[in-house]
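Descriptive analysis of the structure
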Amino acid sequence: MPARLDARVRDLVSKLTLDEKASLLSGDSTWTTRAIPRLGIPSIWLADGPHGLRKAPGPNDVGAGTAVPATCFPTASALACAFDEDLARRVGEAIGREARANEVDVVLGPGVNLQRSPLGGRSFEYMGEDPLLTGTLAAAFVDGVQSQGVGACVKHFAANEQETGRMWCSSEVDERTLRELYLRPFEIAVTRARPLAVMSAYNRVNGLFASEHPWLLRDVLRGEWGFDGFVVSDWGAVDDRAAGVGAGLHLEMPSSGAVGPAEVIDAVRAGRLAESRVDEVVGELLACVLRAAETRDAAPPPAFDAAAHHALAREAAASCLVLLRNEGDTLPLDPATRSKVAIIGRFARSPRFQGGGSSQVVPARTTSAWEALEEIARPGALALSYADGTGPEHEADDASLAEARRIAAAADVAIVFVGLPLSHEIEGCDRSDLCLPSAHDALVEAVAGVQPNLVVVVTAGAPVTMPWISRTRAVLLGGLLGQAGGGAVADVLTGRVAPSGKLASSWPARLEDVPSYLHFPGEGGAVRYGEGVFMGYRGHDAAGIAPLFPFGHGLSTTRFEYSDLRLSAPRVRDTDGVTVSCRVRNVGSRAGREIVQVYVGDLVARARRPPRELAAFASASLAPGEEAELRFRLDRRAFTFWDVETHAWTVEDGEFEIAVGASSRDLRLRATVDVEAAEPARPRFDRHTPLSRWLADPRARAALEAAAGSLLAALGLGSKAPAPTRPATLTLRAMMLALPVGKIGRFTRGAFTSAQLERVIAEANGERAASEER
């Protein structure tokens, strides 16, 4: 905080009454903070905006369907498939410009929760299942928004991966899983981009509401990550306002009238909340409010180019499209051989381009695939026909199905648009299965029966099953592409743009293959993240499960070859990191963009780790025959895991595999690097640590044998024990290796004393025993 602003904040806090301070910690309306005119404290406006601005017409209007028109960009689940930081930044810039033009000070986005289960009803608002990809793109989006003088709000902190019971359910997550997966995107976004705000989630985390969680809000967010913005509750998430203030929740939204402020005042007067803590939280909030208002008031709201934003939305949507299947180079359409094209499915004319709920934008305009294809077909290269294929509510309709079969049979190629209706992907509800509407599956099967050249375009913000996929020639994942998505689909179908998107989530062949299947959405008021760190592709790879499509999968209409994988050194210290480079060549006949992914796997690890994890990604746009070198910098964190014994990010000495490829399963190049830890990981030893681990660690073994070598030998262990030869001796030795060291005293009837045990534990941990210090 600038010294000038810091001094003003201190002065304002000193002049505020307790009632005024408490009032500032709750909103003034649905969307605005409270002003204190007598002290010149301004109000700021917050508005939804993960994929487009949703500003309500008035401060106390919800704005559902009545928000000011704005550019609707691809939803986060689609945008992530572009694997493109620059694109995420430019989309953020455009949303920031529209926010400034509409006098909005804080955009409530991006969402960086992970797609733990494809059933999550709000999956479309999140950037897939990988924490590095999510955090990296979120940081770029935040940079873009804030470059326009508008604050960004990263949400929903934390472990908010489902809609079932979201207002009260407790996400039970172990320490390592929380750190490695669900906190990681927030950490990246906060430390790299310094967002003005973070939104606390509705749910509990390990029993405590996220909006009242001191460890999350104070210890981790502000203490470890250095966050200097403000924390705002999700709308209606506050349960105990005084506890929230104590934990570090700055702003309750929306306004609770006098309820929230009264809880704070009562807690201060009763001695349950120190007024000095109120002063601290109010000061942190005021610093952000003043900074936002100062930026807003420095210049009048600028105009923005709506046409340019629509063009960006179309470009972004095209980059997001994922070509899942393309047998016989069916796409792009070739007018010379397939000029008669049957377009089937209501989504072709009435596109579904976003999810339901608080993020729902009123689009400035929309373009359907049918409209865009008609425009492209006007010169006469393509002859188009159309049929609905289903009833108006996506239900089975015999007449519509018959018409679809008729035009498909008469065409050279049929393009069928299917997907999830809005009611299937909406805030507040999780899905019950991975199925498309039965009428959509039946439509694909019916068309496949009369037309072998079948292309299917899927509209969905999360994975769906495809029982008919073997009967298709090509499948294009449209995702939820925003207002210009129809034009983007037409661009890719006709070859104006080469598809380049990659899946940001694994697509399972069946629901039972999802690693969280047995634990989602929980029961008894809690959901246990029982799959641990083996979520998504991490779990599929560890268990050898073949997904329908793996994380990172996406085809092109050209071909790329990978070569010349190089590492900056075969052996590195973890603090130095390693530079990875490779070459990619376009060996096809069309221009295209290839997204290259780098994965790291610990070949021998003390902790159970996934076989590989995404460590870096980059892309190259290449003309036919063109080649490019890509370079990736892997820092220490690429090799770490969260050690629950030391409560720190840890690197173990040893070999790591660096794998480079086109998806998590399509790995083209491999190399190993020997990583030396600057601070070698040392496990902690205590009375419950089994003898097997004591004897495997040189320092611990030396300490134990020096104190109790003969006793160990009597148990058949240690260097003084004879080598076991008989089966019974081998069995006894195995049993003794599992014995906690604290049990030696009992098995030796006191020959190994408590004082000896204390000294041995201290020596194993490189410390002095407490008895020696006394």
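Since this is a predicted model, take the numbers as computed values, not measurements.

1. Some thoughts on the overall build of the chain
Along its length, the chain carries 24 helices and 25 strands. Against the compact-globule benchmark of 28 Å for 774 residues, the chain has a radius of gyration of 29 Å, which places it among compact chains. When the backbone C-alpha atoms are referred to their principal axes, the chain occupies close to 95 × 80 × 50 Å. The buried share among the 774 residues of the chain stands at 59%. For the chain, the proportion of contacts with a sequence separation of at least 24, taken over those separated by at least 6, is 75%. Total accessible area on the chain is roughly 28,900 Å²; 49% of this is exposed by carbon and sulfur atoms.

2. So, the sheet that holds strand β7 (residues 208–209)
In sheet architecture, strand pairing relies on hydrogen bonds along the backbone and comes in two forms, parallel and antiparallel. Spatial ordering of the open sheet is given by β7-β6-β4-β15, a layout of 4 strands whose pairing is mixed. A single partner strand is all that each edge strand has here, and the edge strands are β7 and β15 (526–528). Pairing of strand β6 (residues 204–205) with β7, which is carried by 2 bridges, proceeds in the antiparallel orientation. Within the sheet, the bridge partner assigned to R204 lies in β7 and is F209.

3. Structural notes on the packing of helix α14 (residues 369–377) against helix α17 (residues 485–493)
The contact between α14 and α17 brings their axes to 7 Å, and the two run at 45°. Between α14 and α17, the angle falls in the class oblique. With respect to the hand of their crossing, α14 and α17 are arranged in right-handed fashion. Judged by residue contacts, A369, A372, L373 and I376 of α14 engage G486, G487, V489, A490, D491 and L493 from α17. The class makeup of the residues in the contact of α14 with α17 is 7 nonpolar, 2 polar and 1 charged.

4. Here's the deal with the side chain of S29
Position of S29 relative to the elements: it lies in the loop between α2 (18–24) and β1 (46–48). Residue classification places S29 among the buried positions, given a relative accessible area of 5%. Within the local environment of S29, its side chain forms a polar contact with the side chain of T32, the two groups lying 2.5 Å apart. Among the polar contacts made by the side chain of S29, one reaches the main-chain carbonyl oxygen of P59 at a distance of 3.2 Å. Those residues in contact with S29 that sit more than four places away from it in its chain are P59, N60, M253, P254 and S255.

5. Here's the deal with the pattern of salt bridges
A full pass over the atoms with the stated rule returns 52 salt bridges. Across the salt bridge formed by K15 and D11, the nearest N and O atoms sit 3.0 Å from each other. With a gap of 4 residues between them, K15 and D11 both fall in helix α1 (residues 3–15), about one helical turn apart. On the accessibility criterion, D11 (34% relative accessible area) is partly exposed. Salt bridges sharing partners connect three or more residues here, namely R122, E125, E163, R166 and E427.

6. Comments concerning unusual backbone geometry
Here the residue pair M253 and P254 is connected by a cis peptide bond, since its omega of -5° sits within 30 degrees of zero. Of note, P254 is situated in the loop between α9 (241–247) and α10 (259–269). Cis geometry is adopted by the peptide bond preceding P332, which originates at L331 and carries an omega value of 0°. Looking at the element boundaries, P332 is found in the loop between β9 (322–326) and β10 (340–344). One non-glycine residue, D564, lies in positive phi territory at about 55°.

7. Some thoughts on the packing of aromatic side chains
A complete count under the given rule lists 12 aromatic pairs for this structure. On the basis of an interplanar angle of 75° and a centroid distance of 5.1 Å, the ring pair of F639 and F656 is categorised as edge-to-face. Of this pair, F639 sits in the loop between β21 (627–634) and β22 (641–643) while F656 sits in strand β24 (residues 654–661), placing them 17 residues apart in sequence. Through a chain of ring-to-ring contacts, the aromatic side chains of F83, Y537, F551, Y599 and F617 assemble into a single cluster. The residue whose ring lies beneath K55 is W45, and the NZ or CZ to ring-centre distance is 4.4 Å. The ring of W649 carries R637 above its face, with NZ or CZ at 3.8 Å from the centroid.

8. Observations regarding the pairing of strand β5 (residues 197–200)
Burial of the side chains of β5 extends over both faces: A197 and M199 are buried on one face and V198 and S200 on the other. As judged from the 3 bridges shared by strand β3 (residues 151–157) and β5, these two strands associate in the parallel manner. Along β5, the bridge assignment pairs F157 with S200. Across 4 bridges, β5 lies against strand β8 (residues 230–233) in parallel orientation. Residue pairing for β8: V198 is matched across the bridge by V231.

9. Considerations on the layout of surface pockets
As a volume, the largest pocket reaches approximately 530 Å³. What lines the largest pocket is a set of 26 residues, and nearest its centre among them are L132, R184, L614, A615 and R637. The set of elements that each furnish at least two residues to the lining of the largest pocket consists of α5 (131–146), α7 (184–193), β20 (613–622) and β21. Looking at the lining of the largest pocket residue by residue, the class counts come to 12 nonpolar, 3 polar and 11 charged.

10. Some words on the environment of E679
Checked against the element boundaries, E679 lands in the loop between β25 (667–676) and α19 (691–696). On a C-alpha basis, the gap between E679 and P59 in space is 54 Å, while along the polypeptide they are 620 residues apart.

11. Topic: the environment of L737
Inspection of the secondary structure assignment puts L737 in helix α21 (residues 727–737). Each C-alpha atom of the pair L737 and P690 lies 6.5 Å from the other, and the pair is 47 residues apart in sequence.

12. Notes on α14
Among all positions in α14, only A369, W370, A372, L373, I376 and A377 are buried. Angular distribution of buried residues about the axis of α14 spans 165°; they occupy a single face of the element.

13. Some points on the sheet that holds β3
Pairing in this open sheet of 5 strands is parallel, and the strands run β1-β2-β3-β5-β8 from one edge to the other. One side of each edge strand has no neighbouring strand; the edge strands of this open sheet are β1 and β8. Ignoring which end each strand starts from, the neighbouring axes of this sheet average 30° apart. In this structure, strand β2 (residues 106–108) lies alongside β3, joined through 2 bridges in parallel fashion. Counted as the bridge partner of V106 is G151 from β3. Its contacts with the sheet put α5 on β2 and β3, and the angle it makes with β3 is roughly 150°. The sheet strands contacting helix α8 (residues 214–224) are β3, β5 and β8, and the helix crosses β3 at an angle near 125°.

Calculation rules
- Numbers given for residues are sequential positions, taken from 1 along each chain in its written order.
- For a predicted model such as this one, the threshold for reporting local features is a pLDDT of at least 70, and the threshold for listing and counting side-chain atom pairs is 80 or more; totals across whole chains, interfaces and linings nevertheless cover every residue.
- With hydrogens and water set aside, each side-chain value is computed from the structure's full complement of heavy atoms.
- A run of DSSP states H or I qualifies as a helix once it reaches four residues; a run of E qualifies as a strand once it reaches two. Both are numbered from the N-terminal end.
- Every radius of gyration here is taken over C-alpha atoms, with the globule rule written as 2.2 Å times N^0.38, N being the number of residues.
- When accessible area is computed with a 1.4 Å probe and restricted to protein chains, residues below 20% of their type maximum are described as buried, those above 50% as exposed, and intermediate ones as partly exposed.
- Here, two residues are considered to be in contact whenever any of their heavy atoms come within 4.5 Å of each other.
- Only the protein chains shown count as cover for residues, and the accessible areas themselves come from Shrake-Rupley with a 1.4 Å probe.
- Two strands form a pair only when DSSP identifies at least two bridges running between them.
- Here, axes are lines fitted to C-alpha atoms. For helices the fit covers the stretch in contact, and angles between N-to-C directions go from 0 to 180 degrees.
- Angular relationships are summarised with four words: roughly parallel below 35 degrees, roughly antiparallel beyond 145, roughly perpendicular across 65 to 115, and oblique for the angles in between.
- Throughout, a crossing is termed right-handed when the near helix is turned clockwise from the far one, and left-handed when it is turned anticlockwise from it by less than a right angle.
- Each residue gets one of three labels, nonpolar for Ala, Val, Leu, Ile, Met, Phe, Trp, Tyr, Cys and Pro, charged for Asp, Glu, Lys and Arg, and polar for the others, Gly among them.
- The term polar contact refers here to a pair of N or O atoms within 3.5 Å; inside protein, the definition further demands a hydrogen-donor-capable atom paired with an acceptor-capable atom, and it admits residues adjacent in sequence only when both atoms are side-chain atoms.
- Just to be clear on terms, a salt bridge is a Lys or Arg side-chain nitrogen sitting within 4 Å of an Asp or Glu carboxyl oxygen.
- Stacked, edge-to-face and tilted labels apply to pairs of Phe, Tyr and Trp rings (six-membered ring for Trp) whose centres lie within 6.5 Å, assigned for plane angles under 30 degrees, over 60, and everything in between, in that order.
- Only lysine NZ and arginine CZ atoms are considered, and such an atom sits over a ring when it is within 6 Å of the ring centre and within 35 degrees of the ring normal.
- Definitions used throughout: a 1 Å grid over protein atoms alone; a cavity as a set of points that fits a 1.4 Å probe which cannot get out; a pocket as an open set with protein on both sides within 12 Å along at least five of seven lines; a lining residue as one with an atom within 4 Å of a point.
- Grid points are joined across faces, edges and corners, and a volume is the space filled by probe spheres set on the points.
- Picture the helix axis, draw a direction to every C-beta atom, and the arc is the one those directions span.

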